[in-house]
Amino acid sequence: MVQAHSRALGTKRISEPYLLIEGGYPLSGEVSLPGAKNSALPAIVAACLSDEEVVLHNVPLELNDVAKLIKLLNDSGANVEIKGDELHCKGSAWMGGTLNAELAGKIRHSLLLLGAAAHWRSSLFLPLPGGCNIGSRKHDMHVSALQELGFAMEESELGLHLRESQPKERTVITFPYPTFGGTLNVLFASVRSNAVVELHNAARNPEVLDVIKLLNDMGASIEWLSSNSLQITGVERLHRADFTVMSDRIIASTIISAVGATKGSATIRNATTRILESEVAVWRQAGLKIEEIDNGIYVEWNRPLEAVNVTTAAYPGFHTDIQPLHTVLMMNASGTSELKETILDGRFSYCYELNKLGANIEVKDGGFLCVNGAAGQTAVIHGVDELYGTDLVATDIRGGAAVAVAALAAVGTSRITNLYQLERGYGNFTEIFTALGAQIMKVNH
Ligand SMILES: CC(=O)N[C@H]1[C@@H](OP(=O)(O)OP(=O)(O)OC[C@H]2O[C@@H](n3ccc(=O)[nH]c3=O)[C@H](O)[C@@H]2O)O[C@H](CO)[C@@H](O)[C@@H]1O
Ligand SMILES: C=C(OP(=O)(O)O)C(=O)O
């Protein structure tokens, strides 16, 4: 059991749920990955593109983003039900209406209901979507792609309005940047029609590939023309399917980071390095032992880590969602490294939390523009020898995970608040790390 003592802790009583961590111990053991949030959320929307039942397995049902998305879909005419550990989904031609602003405003994936409503030729008012506060999260490419497909769309300060309309017969779209959500919206809007759509510079993240596999299992016709161009040939309707969502590669990275930072070892089941190639190459270069094993990854700290520079990029580049976890490895490495974030301009607020533990990270103007046109930042990470537990805030999903992982490596007690953010992406954070021997518990109030 975690003991609540540390010289660095504040004396204030905390009146919200928090994570209590007694850090400074090497982690070891074996854990199994849950389903991936960033595949499961679009897969749930995709499953509502048929009026026959689609059964999804391995959905991380404990995530609050999943509950919010199910509510939004059911409010707009779908029928999504949790049955045991399965999710049974059915869409309908009524999918549309006006989405609840509070719910839509809490998750980024509410944007995907635009593609679903276009699919059903319905009209939809989507109040502005939410998600992590990690920079300017634009949706101009979603709007222009749907318009290019022939759907009537208007944008106001309050949200996005898709009007009941029909797609054109042939469209060629080229994204200026391979947007994850934009690619999914084009797929959802195009799979059921008389149309043929070519999409160039499409996102090819493993999570997008997972959703394409689901759609093809449902009868869609989506094929790759080249490594980043897709052709979607519309079909009359999609049908029933039974699909297992892929495992969460970002949680795999979170465990790898924790093992490296605490100088431990772990076996991660339901995992593969094949969808983490850029990240694993960097961490091997830094000195971590990472091996592909039967149905899993084995990771071990066996020598002091060395600083390695990283620049985030669209897949197959180093994933922006994983950069906060890389920072934790680098603050525990010898030497200084630079981390250049090119996707999201506001993704470094967690660094100020890490500095409270004794890290030495400077966040500076990087002198470049991110893919969304905003000024980009670079974090300069100077490795340190010791970290000490303290009171910390989970700034966003992955920043929150980074802070918690760093607290596992820091000597003494840490308390982490604003858990809502962390729990948007990690339903079983304490269970995963308890299985690896961590002294961690959630304190509820
Ligand atoms: C639920 C989910 O899976 N979310 C992921 C998805 O978010 P999301 O779907 O928001 O990611 P995108 O790939 O669309 O966005 C990445 C960048 O492109 C910009 N952009 C995007 C769309 C657009 O129309 N115009 C535009 O400029 C965004 O502002 C951002 O700077 O990818 C992000 C970047 O890999 C991840 O951090 C999120 O975890
Ligand atoms: C940024 C993330 O999610 P979202 O797009 O849902 O905010 C994430 O998963 O790290």
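Residues numbered from 1 in each chain as written. Chains lettered and ligands numbered in written order. Predicted model: local features only at pLDDT ≥ 70, side-chain atom pairs only at ≥ 80, totals over all residues. Heavy atoms only, no water.

Our focus in this paragraph is the pairing of strand S14 (residues 241-244). Covered by surrounding structure in S14 are Ala241 and Phe243 only, the residues Asp242 and Thr244 on the alternate face being uncovered. As paired elements, strand S3 (residues 54-57) and S14 share four bridges and run parallel to each other. Paired with His57 across the strands is Thr244, a residue of S14. (Buried < 20%, exposed > 50% of the residue type's maximum accessible area, 1.4 Å probe, protein only. Helix = DSSP H or I, 4+ residues; strand = E, 2+ residues; numbered from the N terminus. Pairing = 2+ DSSP bridges.)

Moving on to the pattern of salt bridges. Tallied over the entire structure, the rule returns 19 salt bridges. In this structure, Lys289 and Glu291 form a salt bridge, with 3.8 Å as the shortest nitrogen-oxygen distance. Taking relative accessible area as the criterion, Glu291 reaches 35% and is therefore assigned partly exposed. If you follow the salt bridges from partner to partner, you end up with Asp51, Glu52, Arg237 and Arg240 in one network. (Salt bridge = Lys/Arg side-chain N within 4 Å of Asp/Glu carboxyl O.)

What follows covers the site of ligand 2. Neighbouring ligand 2 are 13 residues; Lys37, Cys132, Arg137, Arg398 and Arg424 lie closest to it. Arg137 is positioned with one of its side-chain polar atoms (N or O) 2.7 Å from an oxygen atom of ligand 2. Interatomic distance of 2.7 Å between a side-chain N/O atom of Arg398 and an oxygen atom of ligand 2. In isolation ligand 2 has 300 Å² of accessible area, and contact with the protein removes 96% of it. In terms of domain composition, the shell around ligand 2 takes at least three residues from each of domain 1 (18-34 + 247-443) and domain 2 (37-244). (Near = heavy atom within 4 Å. Polar contact = N/O pair within 3.5 Å; in protein donor to acceptor, adjacent residues only side chain to side chain. Areas by Shrake-Rupley, 256 points an atom, 1.4 Å probe, with all protein chains shown as cover. Domains from an automatic or database assignment.)

Another aspect to go through is the site of ligand 1. Close contacts around ligand 1 come from 23 residues, with Arg108, His109, Asp140, Asp321 and Ile343 the closest. Within the side chain of Asn38, one N or O atom sits 3.1 Å away from an oxygen atom of ligand 1. A distance of 2.6 Å is found between an oxygen atom of ligand 1 and a side-chain nitrogen or oxygen belonging to Arg108. Here ligand 1 has 740 Å² of accessible area as a free molecule, and 94% of this is covered by the chains. Where the shell around ligand 1 is concerned, the elements lending two or more residues are helix H1 (37-47), helix H5 (140-149) and helix H6 (180-190).

On to the environment of Arg204. Position of Arg204 relative to the elements: it lies in the loop between strand S11 (196-200) and helix H7 (206-217). Counting along the chain gives 26 residues from Arg204 to Leu230, while the straight-line C-alpha distance between them is 9.7 Å. In this view, Arg204 contacts Leu209, Trp224, Ser227, Asn228, Tyr315 and Pro316; residues no more than four positions away in its chain are not counted. (Contact = heavy atoms within 4.5 Å.)

The assigned domain composition of the protein chain is domain 1 (18-34 + 247-443) and domain 2 (37-244). Here the C-alpha centroids of domain 1 and domain 2 sit 30 Å apart. Opposite the 28 residues of domain 1 that make contact, domain 2 presents 23 residues. In total, about 2,200 Å² of surface goes out of reach between domain 1 and domain 2, with carbon and sulfur atoms giving 52% of it. Counting the contacts that link domain 1 with domain 2 gives two salt bridges. For Arg249, the salt bridge is made with Glu207, and the minimal N-O distance between the two is 2.7 Å. Taken together, the links from domain 1 to domain 2 amount to ten residue pairs in polar contact (both at pLDDT 80 or more). Mapped onto the side of domain 1 that touches domain 2, the elements with two or more residues apiece are helix H8 (249-262), helix H12 (397-409) and helix H13 (419-423). (Buried area = accessible area lost by both parts, 1.4 Å probe.)

Quick look at the sheet that holds strand S17 (residues 296-300) now. Through backbone hydrogen bonds, the strands of a sheet pair up, either in parallel or in antiparallel fashion. Pairing is mixed across the open sheet formed by four strands, whose spatial order is S2-S15-S17-S16. Every other strand in the sheet has two partners, leaving strand S2 (28-32) and strand S16 (289-293) as the edge strands with one partner each. Going from strand to strand, the sheet's axes swing by 15° on average, the running direction of each strand aside. In terms of strand pairing, S2 meets strand S15 (residues 265-269) through five bridges, oriented parallel. Paired with Glu30 across the two strands is Thr267, which belongs to S15. Against the sheet, H8 touches S2, S15, S16 and S17, its axis set at about 170° to S15. (Axes fitted to C-alpha atoms, helices over the stretch in contact; angles between N-to-C directions.)

Compared with the 20 Å implied by 1.5 Å per residue over 14 residues, the 20 Å span of H8 between its first and last C-alpha is a close match. Here H8 lies mainly inside the structure; 14 of its 14 residues are buried. Remark: Lys263 follows H8 within two positions and exhibits a positive phi of approximately 60°. (Expected span 1.5 Å × (residues − 1).)

Further remarks concern helix H4 (residues 112-119). Across the eight residues that make up H4, a large majority, eight, are buried. Those residues of H4 that fall on the buried side of the exposure criterion are Leu112, Leu113, Leu114, Gly115, Ala116, Ala117, Ala118 and His119. Two residues or fewer past H4, Arg121 is found with a positive phi of approximately 55°.

Another aspect to go through is the packing of aromatic side chains. In the structure shown here, the tally under the stated rule is four aromatic pairs. An angle of 80° between the planes, with centres 5.5 Å apart, marks the rings of Tyr426 and Phe429 as edge-to-face. Both residues of the pair, Tyr426 and Phe429, count as buried. Their ring planes at 45° and their centres at 4.8 Å tell us that Phe429 and Phe433 sit as a pair that is tilted. In this pair, Phe429 and Phe433 are both assigned in helix H14 (residues 429-435), four residues apart and thus about one turn of the helix distant. (Phe/Tyr/Trp six-rings, centres within 6.5 Å; stacked < 30°, edge-to-face > 60°.)

What follows is about the confidence of the model for the protein chain. Parts of the prediction with low pLDDT should not have their coordinates interpreted in detail. Residues at a pLDDT of 70 or more form 98% of the protein chain, whose mean pLDDT is 95. Within the model, the stretch residues 1-5 combines pLDDT values under 50 with 14 contacts to residues more than four positions away or in other chains. The ipTM for the predicted assembly is 0.97, set against a pTM of 0.96. (pLDDT = per-residue confidence, 0-100.)

Here the focus is the side chain of Asn205. The residue Asn205 is located in the loop between S11 and H7 in this model. You can call Asn205 buried: its relative accessible area is 12%. In this structure, Asn205 is in contact with Phe180, Arg249 and Tyr315, ignoring residues within four places of it in sequence.

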